[in-house]
Each structure stands twice: as structure tokens, then as C-alpha cells.
Amino acid sequence: MLKVRALECRRGASLLMSDFNMSLEAGQLIHLQGANGTGKTSLLRIISGLSTQETGKVLWNDVDIRTAREDYSSNLIYIGHQPAIKDDLTVLENLTVSLKLNGVKVDIKRLEEALEVVGLARRKNLPARVLSQGQRRRLSLARLWLDQRPLWILDEPFNALDVQANKLLEERLDQHLVSSGMCILTSHHTPNIDKKLLTEVSLGL
Amino acid sequence: MKIAGILQALLWRDIKLAMRRQSDVVATLFFFVVAVSLFPLGIGSAPSLMHAIGPGVIWVAALLSSMLSLNRLFSSDYADGTLEQLLLVPMPLTLILAIKIFAHWIVAGLPLVILAPILGLQFDMGAKDIGILVLSLILGTPLLSLIGAIGAALILGMRGGGVLLAILVLPLYIPVLIFGAGAVTASVNGISPEGALSLIAAMLTLGVVFAPFAAAVALRISLE
């Protein structure tokens, strides 16, 4: 279970949030909302442990994520604004490397199935530089079908995706939540999933 | 076992990426060869002169060409977001950077070591002196990658980082240069190079232990 307690976050001189509290339980999805510049990405980066806050704490199962960084990272999938794809590696190589770096056993058949699901199977041996923005996004999301981790932190995952991929991701989110996963995401439209699982959180002072 | 797998995947990735961008690797090597070859053309090629400047020239050129490729150590990973993912790999950042630095040495340092004997011949060095040259570079070039990584981590994401990197890193290279070139000069003059070589080996040991840690701290600061 993830808890955010009395968080204060600044970017330069401006105060983005103060005394911000939030908790995320198994089977729950938090949809962060807010206008541009209200600190959605900053908050996600703090929660994932990439940035540090001014004050306050982020707790994973009641342990501060700073003190148990490695244990926390192994429970977490963070997909940021940038798709984290190497242009010089092929689609398949990109996926293999990102899984291996996270200690996931790579089974080539499952990998190809996942690429099939996200619609990149025919391009698996092409260098990633030829992919379009939407295809890049699909490739970085493919990890969600292969890596079983309880907490997903997704920054604008629906960006650049077409209608069909949108639906695909929503289905995957649903599956994840039903099998008591957790997710926190930012998005400009409300994800179309079971309303009981969805919590809206608005940012902006 | 899991840790070894992760580190192996990272090493494979970095070397593979360098191999897909061979022009960068070759350009650095070309710079090394040309820079060294310019000196006899400019200064003249009297044998006594060659013996005097040879070790220093080869070492300075090795140092500069190793620095040329430092920029790439983190900047491309930073630009495409893979560096963020590396920070989230469930493993100490120090270990991850140690592997990245090792990969940098294989791509940017080891080829210099391999090319050095040919350049040594250009300066009329004997077989024994060339042996010492190679040995000093084997011990010294990893140190260049280790020290350089700290600088590269510090300047990440800054504008005009390239020049700043040189200003930051070159002074730190001075001890490596002094003892590296010193070992070869000693050997050319018939003095035992053992002292200088032992000192570089000692510095390398210190570097292997502390530099990845320092680079990890610097990287976390840069990525805040």
C-alpha cells in the first residue's frame, strides 16, 4: 500500500503543493488531474523516487521509500513522458533489455505475444528509430503485459495512442486492478474503467 | 544470479549501442592517431627528439581522445529517458555506473591500448618500451573513464556542457598523465618504470572503489 504524507513540493521558487496527502490501496487506480504546470509529473517523479520532496514522506507498506529504495523499485513500474527507447536497438531488443534490466526472466515466446498484443509483432526486427510516436508509446507500454509488479506509475500513458490502443490499455488496467494491482496515472481524459476502482485526485492550489 | 544477469544485460546493451554507432568510435580513434602523428610533422623527426617527446605525446593524445567520448556516457541515455529507467533498476546505482564505466572503457579506452604499439613504433620506441607504454595505458585508461564519469555525471543536462566537462576533468587527469607518461619516459631512458606504474595501479584501485560511488551521487544531483 502506498501512502503520501504531508508532501511539499517546489519547482524553483514556486510552490506546487503543500501538505498533500494521498493513499493508494490494492485494486485502486488514482487518476491525477490538474492544469498544465500544477505538478502532476513532479508528483509522479517524487512518488517513484526519482526526485526528492521538500518535506513529507512517501511510504510503501509503511516504510519510507528512501530507506528501502531497491525493495521499492522492484515493486514498481514507472513509465514517464519519454518512452525510454533506444533508437539504435530493434523493437525486440529494446523490450528484452528493459525486462532484463529489471530482473525479469525473458521468454521469447511471451515477448512475441506481447508485441502481438500491442501491434508491433511485424516490426519486431526493425530499429526503433523508424517507429512513430504512437508506436513508441505502444512499445514502452508492452512491458505492462510482461512484468508482474503491484504498483504502476504512468505519466500520460494515453498520449499519442489511437482509439484501439486506448481501449487495449484500459482493458489491461482493468485486469491489473482486478488482480489487486495499484496504479496512479495522469491523463487528460478519464480512463474508461470500473468507477468503483477509480479515484480522482485534483492538483492545483 | 539475478544481479549478474542485470549487469550483464547492461554491459551488452552499452557495447551493442556503441557498435551500432561505429562512426563515433572510429572518429575517436582517428583523432588519436592523427593527433599523435601531427607532432613529428610539426617539430621534426630527429631520433633524440622523438625519444624525448614520444611518451608524453601519446599519453596526451590518449587522454584527449578518451575525453572526447565522455559526453556520450550519459547524455544519450538522458535524452531518451532510459537513464530514468536505470535509476529505477532494483540495484545500487553505484554498481550500475561501474558497469557503464567499464563499457565506456571497452569502447573508448581499450582500442587506444591496442593502437598504441603502432604509434610507439612511429616514435622509434623499442619493444620493451612499447610493452611499458601498453601496460601504462592498460592501467591508466580505465582511470580516465572513471574520473571522467564523475565529470560527465555532474554536467548532465547543462548547456555548453562539453567545454565545462573539459575544464572540470582535465585537471583531474594530470596525475594520471604524469605517472603514465613518466613510466614510459623512465623506460626509454633506461630507468625502472616500476615506481610510476605502481602509483598508477594504486590510483586505479582507489578509482575503482570510489569513482562509481561519486558518479552516482553526482548523477542523482543532476537529475533532481
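Look a little higher up for the structure.
It should be emphasised that the depicted structure is a prediction, and the values quoted were computed from it without experimental measurement. (Residues numbered from 1 in each chain as written. Chains lettered and ligands numbered in written order. Predicted model: local features only at pLDDT ≥ 70, side-chain atom pairs only at ≥ 80, totals over all residues. Heavy atoms only, no water.)

Engineer: Quick question: what am I supposed to make of the sheet that holds strand β9 (residues 198–202) of chain A here?
Structural biologist: Sheets are built from strands paired through backbone hydrogen bonds, the pairs being either parallel or antiparallel. Residues and elements named next belong to chain A. Taken together, five strands build an open sheet; the order of strands is β6-β7-β8-β3-β9 and the sheet is parallel. Whereas interior strands pair on both sides, the edge strands pair on one side only; in this sheet they are β6 (76–79) and β9. When strand polarity is set aside, the average angle formed by the axes of neighbouring strands in this sheet is 15°. Bridging between strand β7 (residues 151–155) and strand β8 (residues 182–186) involves five bridges; their strand directions are parallel. Within β8, the position partnered with leucine 151 by the bridge is methionine 182. (Pairing = 2+ DSSP bridges. Helix = DSSP H or I, 4+ residues; strand = E, 2+ residues; numbered from the N terminus. Axes fitted to C-alpha atoms, helices over the stretch in contact; angles between N-to-C directions.)

Engineer: Would you take a moment to explain the packing of helix α3 (residues 47–68) of chain B against helix α6 (residues 93–122) of chain B for this structure?
Structural biologist: Relative orientation and spacing of two packed helices are given, respectively, by the angle between their axes and the distance between those axes. Residue and element names in this part refer to chain B. Across the interface, α3 lies against α6 with an axial gap of 10 Å and an inter-helix angle of 160°. Taken together, the axes of α3 and α6 lie roughly antiparallel to each other. Here α3 and α6 pass one another in a crossing that is right-handed. Counting all contacts with α3, which are made through Met50, Ile58, Ala62, Ser65 and Ser66, the residues of α6 involved are His104, Leu112, Leu119, Gly120 and Gln122. Along the lines of polarity and charge, the residues of the contact of α3 with α6 split into five nonpolar, five polar and no charged. (Parallel < 35°, antiparallel > 145°, perpendicular 65-115°, else oblique. Left-handed = near helix turned anticlockwise from the far one by under 90°. Contact = heavy atoms within 4.5 Å. Nonpolar A, V, L, I, M, F, W, Y, C, P; charged D, E, K, R; others polar.)

Engineer: Explain the pairing of strand β2 (residues 14–24) of chain A to me, please; I cannot follow it from the model alone.
Structural biologist: The side chains of a regular strand alternate between both faces of the sheet. All names here are of chain A. Note that strand β1 (residues 2–11) and β2 share seven bridges and pair antiparallel. Within β2, the residue paired with valine 4 across the bridge is methionine 22. The turn joining β1 and β2, which pair antiparallel and follow one another in sequence, is formed by two residues; a positive phi near 65° is taken by glycine 12.

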